[in-house]
Amino acid sequence: VTQTYPVDSELRFEIVERPTVGSVRVLQPVGENIELLHLAESREAADLWLAKNPHRRARLEEVTADGVCADVVEGRAAARC
């Protein structure tokens, strides 16, 4: 199920928890966008999820400390590195 919302929607979304360093995102391109299919706790868990839920264009992206710190520096997160 894919849902999209217009920018001027009355809906509000909140990030309640950021992915931990070492977790792995399973991503898939959809048109010009990227869809998050799954967030796994490790590379092994991501490989297992992808084996059970095949997506031929999926790719894995590990959450790194550099990425988390970049979010903070670029103002995308209210946290300290």
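Residues numbered from 1 in each chain as written. Predicted model: local features only at pLDDT ≥ 70, side-chain atom pairs only at ≥ 80, totals over all residues. Heavy atoms only, no water.

(A) Region of the structure containing the overall build of the protein chain. The number of helices and strands found in the protein chain is two helices and three strands. Starting at the N terminus and ending at the C terminus, the protein chain contains elements arranged as β-β-α-β-α. Counting every position in the protein chain, which comprises 81 residues, the buried fraction comes to 19%. Long-range contacts, defined here as pairs at least 24 residues apart, represent 42% of the contacts in the protein chain between residues at least 6 apart. (Helix = DSSP H or I, 4+ residues; strand = E, 2+ residues; numbered from the N terminus. Buried < 20%, exposed > 50% of the residue type's maximum accessible area, 1.4 Å probe, protein only. Contact = heavy atoms within 4.5 Å.)

(B) Summary view of the environment of Trp49. Relative to the elements of secondary structure, Trp49 occurs in helix α1 (residues 43–52). Here Trp49 falls in the buried class, since its relative accessible area comes to 19%. Between the C-alpha atom of Trp49 and that of Leu39, which follows or precedes it by 10 residues, the distance is 9.5 Å. Contact partners of Trp49, with chain neighbours within four places excluded, come to Val26, Leu37, His38 and His55.

(C) Up close: the sheet that holds strand β1 (residues 24–30). Strand order in the open sheet formed by three strands is β2-β1-β3, and the pairing between neighbours is antiparallel. Each edge of the sheet is formed by a strand with only one pairing partner; in this case those strands are β2 (33–40) and β3 (59–62). Neighbour-to-neighbour, the strand axes of this sheet turn through a mean angle of 35 degrees, independent of strand direction. Of the pairings in the sheet, the one linking β1 to β2 comprises seven bridges and is antiparallel in character. Bridging across to β2, Pro29 finds its partner in Ile34. Strands β1, β2 and β3 of the sheet are contacted by α1, whose axis makes an angle of about 45 degrees with β1. (Pairing = 2+ DSSP bridges. Axes fitted to C-alpha atoms, helices over the stretch in contact; angles between N-to-C directions.)

(D) Up close: the pattern of salt bridges. Tallied over the full model, the rule gives three salt bridges. The salt bridge partner of Arg43 is Asp47, with a shortest N-O separation of 3.6 Å. Here Arg43 pairs with Asp47, and both are found in helix α1, just four residues apart, close to one helical turn. On the accessibility criterion, Asp47 (36% relative accessible area) is partly exposed. For Arg59, the salt bridge identified is with Glu61, shortest N-O distance 3.4 Å. (Salt bridge = Lys/Arg side-chain N within 4 Å of Asp/Glu carboxyl O.)

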